[in-house]
Amino acid sequence: MKLTGLTAKEVEESRQKYGNNSLTQIPPDPLWKKILEGFKDPMILILCVALAVQVVLCFMGQAEWYEPVGVLIAIMIANGVASVSENKQEGKASALKAEEEAKEMAKVIRDGTLQEIHVSEVVVGDIVFLMAGDKLPADGEIVDGKIMVDQAALNGETEEAEKRPVEGGESYDTKDLLNKHYAYRGTVVCGSEGHMEVKVVGDKTLFGELALEVQEETRQTPLQVKLAKLAKQISTFGYVGAIAIVIGILLKTIIGDGMPTTFLDVVADDGTRTQGWLGLLMNAITVAVTIVVCAVPEGLPMLTSILLSFQSMRMAKDNVLVRKINGLETAGSLSILYSDKTGTITEGRLTVVEMSTGNVNIFKSMNEMPAVLQQDLVVGIGINNSASASNGEVIGGNNTDRALMAFLVGEKAENRIDKESVRNFEAFDSAKKYSTVTVNAEGKNLTYIKGAPERIIDKCKFYIDEKGNKKPLTEKNFLIQYIDQQAGRSMRLLGVAKTEGDTVGDDLTLVCVLSIRDNVRKEAADAIKEVQKAGIQVVMVTGDRKETAVAIAKEAGLIQKDTDVALTSQEMGEKSDDELKALLPNLRVVARALPTDKSRLVRCAQELNLVVGMTGDGVNDSPALKKADVGFAMGSGTEVAKEAGDITILDDNFSSIEKAILYGRTMFKSIRKFLIFQLTVNVAAVLTCFLGPMFGENQVMTVIQLLVVNLAMDTLAAIAFGSEPALKEYMNEMPIPRSESIVSKKMFIEFLISGLYITFICLAILFIEPIRTLVATGNPYGDMSGAYSALSGDMHTYLKAAVFATFMMAITFNGFNARTTHLNPFEQIGRNTNFLLVMGALLLAQFLFVTFGGPALSVHALSPATWGVCALLAFLVIPLDMIRKAIMGADNKQ
């Protein structure tokens, strides 16, 4: 058939009429837009409100300029780190994608000559030349030759599809991927050659349509849901606390000192100031705003940003690329995971598992065979093979032939393949179900047959036994029984036989029956066990037949009980959504799965409020990857799948998914640890500042002191808890439900007890005389016994400096309590050197603040004896929490 293709003019006309072959790319949001989007975060919004109030107070002279600046810095760091990190990860993914796209070329006939052009330049009407290994650049009809196509990227099926020209007015449906004449973009030619006339390009191809589907919006991540709920609770606590403080200060002042007689403050000639209504109100509001700022854990958004960035970089070393930064924390909350079989749970390549003689004598390797049988096997599967070996690499051929050649390479037998002896070779014929090769050996022709064992055994009258002797094959039932058993183990079986001469008759001699299979990855089976132990349900979704899928599932540890369920796509389609949801807890396998099945499985699980993970590599997987709470795209998969996924598993290994789940759980644990630490600070600060005026001290800690506490504790603690190690014990816990609060009952009790204790010791230093005099040991200002109100101003400043030092030390020591649920607060401490450095820095910082802060921080330097007593009171927070853990039961759960 003479094919001349389009002329240059016709190419331009086609491009004008039908468009080009490029796919619509959804550009990632620019950095500035990501930063603006970050301001929708509930925590950031609360901080923005606090910032606005601080700015107003600053202009009114009621706050220092650096107070709103400090809050602004906290906002920008928290928002900026997450945005920059995600932008960087997207940049890496885009670079990888651009590098891959630059290599995509197509061979087309134009003006009667064969030319190589970039895929994007292909137009409707082009004649594309296709050969083994080519990826189809567009959708079209085969017009010449015959090709075998791997369509796994579109339908997940491992079986190759035949594509040939239309003959005798045949009709076909382009929507049916199994039709014999129409081929699709993204599929790969794995055998033979042919020409295709392009019918559809760009977004109108099936590949393009599926790629556009992944633009759908996804729902909030579990952490976003939990943080939104926490933000609401904290803001309510802060606002109610602020109003209570304003009312408390007003009532205390009015009852104790009398009502102000003027609106504005009055300054007498001697410089004394009499407070008016405005001054009193502004003083109360200033303290209240400080409490609101203290009530909000500014470090939390920063912590999540640091955690996501830190864990993303750590995971890149474990073959996991986090493309969408929130995908990592969602992975830690998974309750159900739908996984592909091929390449994820299995090795993704066929392997020769064993060989059997006609009397069912099993060999695991060629070395176990007699020399005669070895030579027959080399010819039977090495020469009778469309693949070839070169320098230890297998080139060409279909999946089965490649597996057989790889076996010979592994057995170091490729140098025994003598293709010079070949007299005739007939490739696999789908009608005959076998391929043949005729070779000349020792002056005579021998024909070797390789194919479906039932066809070959039926023609065999002899077999070669384990010693290399030729014997009559009289008892075939035993061999057929073995074949049935192997098929039940999901083995693909091949028979190899030989005969003298160059024709295939009914008196063949059986060489062996080979069992070939895509083996379960050893590390995948171990990882599935760990994931199941973590309470995550794993469901294998595959295009394979049910029998094969069930056999693999049993070996991988997915099916263990009689109640475990395996369904085919057809069986699933016969069930209503409610019936499927009822069956879902016991579902382990879905065989012959279609892309629509995956999307339905995700939807049904999400309607049950489960956190859903989905793995995939093909274009057909993209909609489900996008809809899932976290999509794991395979590194060897299509670019569309990677775009749709949140996390790319670079080595396609299920064990890497397990690592992603562990890192996600570690991140969630770190957030909870930080919250225990931070909410203890907040509770203690709010209660101390609220109760202080009730006992006679309007400002137990000044606004500047609280800002120092806030900035130091929030920022440095975020770094400390962001470096927590990933502990295997986290995989022994059940997933945390999507609707569960991020602050659990145990956490609430922990930070409440610690917060109350810190509040008690701070107030006790001021108002409980025995403790006050003990703390004041060695002070330069004299005896501090008696009523607090009777003490001098310097004494008040000294005691409040001791309160500030004790507060800072107590919350620092409480960090050791927060970082573990075990009884020993120093467990695994050596694995987080950042934590030790930060806690050491906090202790040093508070010493410097108190010793050298002077009037700026409203403090006096403390005596060594005072430091000792304050340190002892602060350190007691550790044994106190150990007692709580012992009573409540220390375990691995927060």
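Bear in mind the structure is a predicted one, so any value in this text is a computation, not a measurement. (Residues numbered from 1 in each chain as written. Predicted model: local features only at pLDDT ≥ 70, side-chain atom pairs only at ≥ 80, totals over all residues. Heavy atoms only, no water.)

## Looking at the overall build of the chain
Then, in step 1: Along the backbone of the chain there are 30 helices and 28 strands.
Then, in step 2: Looking at the chain as a whole, 55% of its 894 residues qualify as buried.
Then, in step 3: Per element, the accessible surface of the chain, about 37,400 Å² overall, is 57% carbon and sulfur. (Helix = DSSP H or I, 4+ residues; strand = E, 2+ residues; numbered from the N terminus. Buried < 20%, exposed > 50% of the residue type's maximum accessible area, 1.4 Å probe, protein only. Areas by Shrake-Rupley, 256 points an atom, 1.4 Å probe, with all protein chains shown as cover.)

## Things to note about the pairing of strand 11 (residues 336–339)
Then, in step 1: A two-sided burial pattern is seen for strand 11, the buried positions comprising Ile336 and Tyr338 on one face and Leu337 and Ser339 on the other.
Then, in step 2: Bridging between strand 11 and strand 23 (residues 537–541) involves four bridges; their strand directions are parallel. Bridge assignment links isoleucine 336 to a residue of strand 23, and that residue is glutamine 537.
Then, in step 3: In terms of strand pairing, strand 11 meets strand 26 (residues 612–616) through three bridges, oriented parallel. Among the inter-strand pairings, leucine 337 is bridged to a residue of strand 26, identified as glycine 613. (Pairing = 2+ DSSP bridges.)

## Remarks on the side chain of serine 333
Then, in step 1: With respect to the element layout, serine 333 can be found in the loop between helix 10 (326–331) and strand 11.
Then, in step 2: On the accessibility criterion, serine 333 (6% relative accessible area) is buried.
Then, in step 3: In this view, serine 333 contacts Pro222, Val611, Pro735 and Ile736; residues no more than four positions away in its chain are not counted. (Contact = heavy atoms within 4.5 Å.)

## Let's talk about a nonpolar patch on the surface
Then, in step 1: Taken together, the side chains of Ile243, Ile247, Leu251 and Ile255 define a hydrophobic patch exposed on the protein surface, amounting to about 430 Å² of accessible area.
Then, in step 2: On the secondary structure map, isoleucine 255 appears in helix 7 (residues 222–257).
Then, in step 3: The class of isoleucine 255 is exposed, set by a relative accessible area of 71%. (Patch = residues over 30% accessible without salt bridge, like charges linked within 9 Å, V, L, I, M, F, W, Y side chains within 5 Å. Salt bridge = Lys/Arg side-chain N within 4 Å of Asp/Glu carboxyl O.)

## A short note on the environment of methionine 808
Then, in step 1: Checked against the element boundaries, methionine 808 lands in helix 26 (residues 793–818).
Then, in step 2: Each C-alpha atom of the pair methionine 808 and phenylalanine 847 lies 9.3 Å from the other, and the pair is 39 residues apart in sequence.
Then, in step 3: Setting aside residues no more than four positions away along its own chain, methionine 808 makes contact with Val709, Met713, Gln846 and Phe849.

## A word on the pattern of salt bridges
Any two side chains of opposite charge can pair, on the condition that their charged atoms come close.
Then, in step 1: Overall, the coordinates contain 35 salt bridges when judged by the stated rule.
Then, in step 2: One salt bridge connects glutamate 500 with lysine 444, and the closest N-O pair in it is separated by 3.5 Å. Of this pair, glutamate 500 sits in strand 21 (residues 492–500) while lysine 444 sits in strand 18 (residues 444–451); the two residues are 56 residues apart in sequence, bridging distant segments of the chain.
Then, in step 3: Residue classification places glutamate 500 among the exposed positions, given a relative accessible area of 58%.
Then, in step 4: With a closest N to O distance of 3.1 Å, lysine 669 and glutamate 733 form a salt bridge.

## Considering the confidence of the model for the chain
Then, in step 1: For the chain, per-residue confidence averages 84 on the pLDDT scale, and residues scoring 70 or more make up 87% of the total.
Then, in step 2: Across the chain, element-level confidence peaks in helix 29 (residues 864–875) with a mean pLDDT of 96 and bottoms out in strand 9 (residues 273–274) with 64. (pLDDT = per-residue confidence, 0-100.)

## Some remarks on the sheet that holds strand 26
Then, in step 1: Here eight strands make up an open sheet; going across it, the order is 10-28-27-26-11-23-25-24 and the pairing mixed. The strands lining the two open edges of the sheet, one partner per strand, are strand 10 (320–322) and strand 24 (565–568). Within the sheet, the average angular offset between the axes of one strand and its neighbour, ignoring direction, is 20°.
Then, in step 2: Along the sheet, helix 16 (residues 546–556) contacts strand 23, strand 24 and strand 25 (587–591); its crossing angle with strand 25, the most-contacted strand, is approximately 145°. (Axes fitted to C-alpha atoms, helices over the stretch in contact; angles between N-to-C directions.)

## Things to note about the packing of helix 22 (residues 654–695) against helix 24 (residues 745–767)
Then, in step 1: Running from N to C, helix 22 and helix 24 cross one another at 35°; their axes reach a closest spacing of 8 Å. Where helix 22 crosses over helix 24, the two elements pack in a sense that is right-handed. Across from Arg672, Leu675, Ile676, Leu679, Thr680, Val683, Ala684, Leu687, Thr688, Leu691, Gly692 and Phe695 in helix 22, the residues of helix 24 making contact are Met747, Glu750, Phe751, Ser754, Gly755, Leu756, Ile758, Thr759, Cys762, Leu763 and Phe767.
Then, in step 2: Considered class by class, the residues forming the contact of helix 22 with helix 24 number 15 nonpolar, six polar and two charged. (Left-handed = near helix turned anticlockwise from the far one by under 90°. Nonpolar A, V, L, I, M, F, W, Y, C, P; charged D, E, K, R; others polar.)

## Focus on the environment of threonine 253
Then, in step 1: With respect to the helices, strands and loops of the structure, threonine 253 is situated in helix 7.
Then, in step 2: It is 9.1 Å that separates the C-alpha atoms of threonine 253 and proline 693, two residues lying 440 residues apart in sequence.

## Re the packing of helix 29 against helix 30 (residues 877–888)
Then, in step 1: Interaxial distance between helix 29 and helix 30 falls to 5 Å at its minimum, and their mutual angle equals 15°. As judged from the angle between their axes, helix 29 and helix 30 are roughly parallel. On helix 30, the residues that touch Leu873, Ala874 and Phe875 of helix 29 are Val877, Ile878 and Pro879.
Then, in step 2: Across the contact of helix 29 with helix 30, the residue classes tally to six nonpolar, no polar and no charged. (Parallel < 35°, antiparallel > 145°, perpendicular 65-115°, else oblique.)

## Observations regarding the pairing of strand 21
Then, in step 1: Across the nine residues of strand 21, seven count as buried, placing the element largely inside the fold.
Then, in step 2: Sheet topology places strand 18 next to strand 21; six bridges connect them, and they run antiparallel. Looking across to strand 21, one finds that lysine 450 is bridged to valine 496.

## A closer look at unusual backbone geometry
Then, in step 1: A positive phi angle, close to 70°, is found at lysine 433, a residue other than glycine.
Then, in step 2: Tracing the sequence through the fold places lysine 433 in the loop between strand 16 (422–429) and strand 17 (434–441).
Then, in step 3: Take lysine 433: its relative accessible area is 37%, and that puts it in the partly exposed class.
Then, in step 4: We note that serine 858 has phi near 55°; this positive angle belongs to a residue other than glycine.
Then, in step 5: Relative to the assigned elements, serine 858 resides in the loop between helix 28 (854–857) and helix 29.
Then, in step 6: You can call serine 858 partly exposed: its relative accessible area is 32%.

## With respect to helix 12 (residues 399–410)
Then, in step 1: Spanning 12 residues, helix 12 covers 16 Å between terminal C-alpha atoms, matching the ideal 16 Å at 1.5 Å per step.
Then, in step 2: For helix 12, every residue scored as buried is listed here: Thr400, Asp401, Ala403, Leu404, Met405, Phe407, Leu408 and Val409.
Then, in step 3: The first or second residue beyond helix 12 is lysine 412, which carries a positive phi of 55°. (Expected span 1.5 Å × (residues − 1).)

## Re the nonpolar core
Then, in step 1: If you look at the biggest cluster of nonpolar residues, it comprises 118 residues, and the most contacted ones within it are Ile345, Phe632, Phe654, Ile742 and Phe807.
Then, in step 2: When residues of this core are assigned to their parent elements, the largest contribution, 19 residues, is made by helix 22.
Then, in step 3: Those residues in contact with phenylalanine 807, other than ones at most four positions away along the chain, are Val681, Ala684, Ala685, Met701, Val709, Ile758 and Cys762.
Then, in step 4: Core analysis: the next-biggest nonpolar cluster, separate from the first, contains 33 residues, Phe363, Leu446, Val511 and Leu514 among them. (Core = buried A, V, L, I, M, F, W, Y, C linked by side-chain atoms within 4.5 Å.)

## A short note on the packing of aromatic side chains
Then, in step 1: Counted under the stated rule, the structure contains 13 aromatic pairs.
Then, in step 2: For the ring pair tyrosine 182 and tyrosine 184, a centre distance of 5.2 Å and an interplane angle of 70° mean the geometry is edge-to-face. Taken as a pair, tyrosine 182 and tyrosine 184 share a single burial class, namely buried.
Then, in step 3: Centre to centre, the rings of phenylalanine 813 and phenylalanine 875 are 5.4 Å apart; their planes meet at 85°, and the pair counts as edge-to-face. Remark: phenylalanine 875 occurs in helix 29 and phenylalanine 813 occurs in helix 26; sequence separation between them is 62 residues.
Then, in step 4: Each residue in the set Phe674, Phe677, Phe721, Phe816, Phe826 and Phe835 is aromatic and connected to the rest through ring pairs, giving one cluster.
Then, in step 5: Between lysine 470 and the ring centre of phenylalanine 462, over which it is positioned, the NZ or CZ distance is 4.6 Å. (Phe/Tyr/Trp six-rings, centres within 6.5 Å; stacked < 30°, edge-to-face > 60°. Lys NZ or Arg CZ within 6 Å of the ring centre and 35° of its normal.)

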